[in-house]
Amino acid sequence: MRAHYRAEGLDASSLAPRPMDQFARWFKQAAQAAVAGMIYEPNAMVVSTADADGRPSSRTVLMKHYDEQGFVFYTNYDSRKARELAANPSVSLLFPWHPMARQVIVTGTARRTGRDETAAYFRTRPHGSQLGAWASTQSSVIRSRDELDAAYEELSSRYPEGAQVPVPPHWGGFRIAPLTVEFWQGRENRLHDRLRYVARPDGTWRVERLSP
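The residue count restarts for each chain, going from 1 along the sequence in the order it is written. Note on the predicted model: pLDDT of at least 70 is required for a residue's local features to be given, and 80 or more for side-chain atom pairs to be given and counted; whole-chain, interface and lining totals, by contrast, use all residues. Side-chain calculation: all heavy atoms of the structure are included, whereas hydrogens and water are not.

1. Here we look at the packing of helix α4 (residues 127–135) against helix α5 (residues 145–158)
With their axes 9 Å apart at the nearest point, α4 and α5 run at an angle of 125° to one another. As summarised for this structure, α4 and α5 are arranged oblique, according to the angle between their axes. For the pair α4 and α5, the crossing hand works out as right-handed. Along the contact surface, α4 presents Gly128, Leu131, Gly132, Trp134 and Ala135, while α5 presents Leu148, Ala151, Tyr152, Leu155 and Ser156. Taken together, the residues that form the contact of α4 with α5 break down as 7 nonpolar, 3 polar and no charged. Axis definition: a line fit to C-alpha positions, over the contact stretch in the case of helices; interaxial angles, taken between N-to-C directions, run 0 to 180 degrees. Here a helix means four or more residues in a row that DSSP labels H or I, a strand means two or more in a row labelled E, and each is numbered from the N terminus. Any angle from 65 to 115 degrees is called roughly perpendicular, while one under 35 is roughly parallel, one over 145 is roughly antiparallel, and all others are oblique. For a crossing to be left-handed, the near helix must be turned anticlockwise from the far one by less than a right angle; the clockwise case is right-handed. Here, two residues are considered to be in contact whenever any of their heavy atoms come within 4.5 Å of each other. Amino acids are sorted into nonpolar (Ala, Val, Leu, Ile, Met, Phe, Trp, Tyr, Cys and Pro), charged (Asp, Glu, Lys and Arg) and polar (every other residue, Gly among them).

2. Examining the packing of aromatic side chains
Between two aromatic rings, the relevant description is the distance of the centres plus the angle of the planes. To pair, rings of Phe, Tyr and Trp, with the six-membered ring standing in for Trp, must have centres within 6.5 Å; the planes then decide the type, stacked if under 30 degrees apart, edge-to-face if over 60, and tilted in the middle. Under the criterion given, the structure shown has 17 aromatic pairs. With centroids separated by 5.7 Å and ring planes inclined at 20°, the aromatic side chains of Phe23 and Phe27 adopt a geometry described as stacked. Placement of the pair is Phe23 and Phe27 together in helix α1 (residues 19–35), with a separation of 4 residues, close to one helical turn. The exposure classification of Phe23 matches that of Phe27, with both residues buried. A ring pair is formed by Phe122 and Trp171, whose centres lie 5.2 Å apart and whose planes are at 70°; its orientation type is edge-to-face. You can see Phe122 sitting in helix α3 (residues 115–122) and its partner Trp171 sitting in strand β7 (residues 171–185), a full 49 residues away along the chain. The classification of residues rests on relative accessible area computed with a 1.4 Å probe and restricted to protein chains. Under 20% of the type maximum is buried, over 50% is exposed, and intermediate values are partly exposed.

3. Looking at the side chain of Glu182
Looking at where Glu182 falls in the secondary structure, it is placed in strand β7. Polar contact is the term for a pair of N or O atoms within 3.5 Å; when the atoms are in protein, one must be able to donate a hydrogen and the other to accept it, and sequence-neighboring residues count only if both atoms are side-chain atoms. Side-chain polar atoms of Glu182 contact the side chain of Arg194, separated by 2.6 Å. In contact with Glu182, not counting residues within four places along its chain, are Gln103, Val104, Ile105, Arg194, Leu195, Arg196 and Leu210.

4. Section: the pairing of strand β9 (residues 205–210)
Pairing between two strands requires that DSSP report at least two bridges joining them. With 6 bridges joining them, strand β8 (residues 193–199) and β9 adopt antiparallel strand pairing. What sits directly across from Val198, in β9, is Arg206. A loop of 5 residues connects β8 with β9, the two strands running antiparallel in sequence, and Gly203 in this loop sits at a positive phi of about 95°.

5. Description of the nonpolar core
To qualify as a nonpolar core, a set must consist of buried Ala, Val, Leu, Ile, Met, Phe, Trp, Tyr and Cys residues joined through side-chain atoms within 4.5 Å. Of all hydrophobic cores here, the largest spans 33 residues; its most connected members are Phe23, Trp97 and Val104. The set of elements that each furnish at least two residues to this core consists of α1, β1 (44–50), β4 (70–76), α2 (80–87), β5 (90–97), β6 (102–112), β7 and β8. In terms of residues, this core owes the most to one element, α1, which gives 6 residues. If we ignore the near neighbours within four places in the chain, the residues touching Phe23 are Met63, Tyr66, Phe71, Phe95, Trp97, Val104 and Phe183. Counting 12 residues, the second largest nonpolar core, distinct from the first, contains Phe122, Ala133, Ala135 and Leu155.

6. Looking at the pairing of β5
Only one face of β5 is buried: it carries Val91, Leu93, Phe95 and Trp97, and the other face, with Ser90, Ser92, Leu94 and Pro96, is open. Pairing geometry for β1 and β5, over 3 bridges, is antiparallel. Following the sheet pairing, Val46 is matched in β5 by Leu94. Across 8 bridges, β5 lies against β6 in antiparallel orientation. Each residue of the ladder has a partner; that of Leu94, found in β6, is Ile105. The hairpin formed by β5 and β6 contains 4 residues between the paired strands, and Ala101 there has a positive phi angle of roughly 55°.

7. Re α2
Within the span of α2, buried status applies to Lys81, Ala82, Glu84 and Leu85. The buried residues of α2 all sit within an arc of 165° when viewed along its axis, so they share a single face. Taken from the helix axis, the directions to the C-beta atoms give the arc we talk about.

Without other data, these values stay purely geometric and don't point to any function.
Right, dumping it as structure tokens:
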């Protein structure tokens, strides 16, 4: 079960000066690949966290925004990932764009988004997703699917389509400020290109090549 990756390489001379600019280049290409049917949800990323004792956990979430400050996703603040980030804000992100033989691997530090930013994003969510943020007690044990569906139906009756759904106080965003950003390009013979930006204390970045 092996695939031979593309011959097109990645050289340091072709990189943008800052990692978020390089990410924007690759994300645009991944989005174009999604339109062509090559990639499903290019903004899907694996978020890996660890608890206070160092026990890791991973899950796939959707990146909802990125800028020079980092990568943003939203979640229930009572969820496992949010509790782990409260105890240990170090986090890793992985964008797995396998059909393009590309990955982006980020390590950084998480902090909560402000309530105004959270509310502004919440208003853009579909009505059903707004209700879902209230109905789900994320990561907690429930007795059955019926329990979840009943909670959703009760909320649907309380806030019908067109009604303003309040922003849950237990729900919001995390912004991941990157410390390293690695761009991984698959190459033939498993001699992949791996170029990693590393943050300097003065806010600039150095680029280093990693052996595959």
